[in-house]
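Notes for the structure review
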Amino acid sequence: MYETFKTARLLAGLLIAAGCIIFLVQFFPSFSISIVGIITVLAGAALLAIIRAAKAELDRLRIELVDVRKMAEGPKMPKP
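This text gives an overview of the structure that appears in the document.

As a further point, take the side chain of T40. Inspection of the secondary structure puts T40 in helix α2 (residues 35–73). Looking at T40, the relative accessible area reads 16%, which means it is buried. What T40 contacts, discounting residues up to four positions off in sequence, is L15 and G19.

Put into structure tokens, the structure is as follows:
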């Protein structure tokens, strides 16, 4: 029920690693900058930022849901 974003984090890590490899493979032989490598690294970094924002928002919503459930239950009256 609670998403940990493991697969998305793995994908973001793979994108960053692939971007670094592409950049280095094209940079060292010809000393030219690889736009594809840079874009891939930026896509991985953006994915990580989106994951962090989504996780923070889900945490806030979970806390709010607990508060709403407490309010819906109402005050508990002691039994006489």
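Alright, that's what it looks like, and here's the rest.
Here the focus is the side chain of S34. With respect to the helices and strands, S34 occurs in the loop between α1 (6–30) and α2. Residue classification places S34 among the buried positions, given a relative accessible area of 1%. From its side chain, S34 meets the backbone nitrogen of G37 in a polar contact 3.1 Å long.

Geometrically, a pair of aromatic rings is defined through the distance of the ring centres and the angle of the planes. Per the stated rule, a full pass over the model turns up 3 aromatic pairs. Aromatic side chains F23 and F27 sit 5.7 Å apart centroid to centroid with 5 degrees between the ring planes, which places their arrangement in the stacked category. Pair noted here: F23 and F27 are both in helix α1, with a separation of 4 residues, about one helical turn. Of the residues examined, F27 reaches a relative accessible area of 26% and is grouped as partly exposed. Measuring from centroid to centroid gives 5.9 Å for F27 and F31, while their planes differ by 85 degrees, and the two rings are edge-to-face. F31 sits in the exposed class, given a relative accessible area of 62%. Each member of the aromatic cluster is reached from another via a ring pair, and the members are F23, F27, F28 and F31.

Criteria and cut-off values
Residues numbered from 1 in each chain as written. Predicted model: local features only at pLDDT ≥ 70, side-chain atom pairs only at ≥ 80, totals over all residues. Heavy atoms only, no water. Helix = DSSP H or I, 4+ residues; strand = E, 2+ residues; numbered from the N terminus. Buried < 20%, exposed > 50% of the residue type's maximum accessible area, 1.4 Å probe, protein only. Contact = heavy atoms within 4.5 Å. Polar contact = N/O pair within 3.5 Å; in protein donor to acceptor, adjacent residues only side chain to side chain. Phe/Tyr/Trp six-rings, centres within 6.5 Å; stacked < 30°, edge-to-face > 60°.

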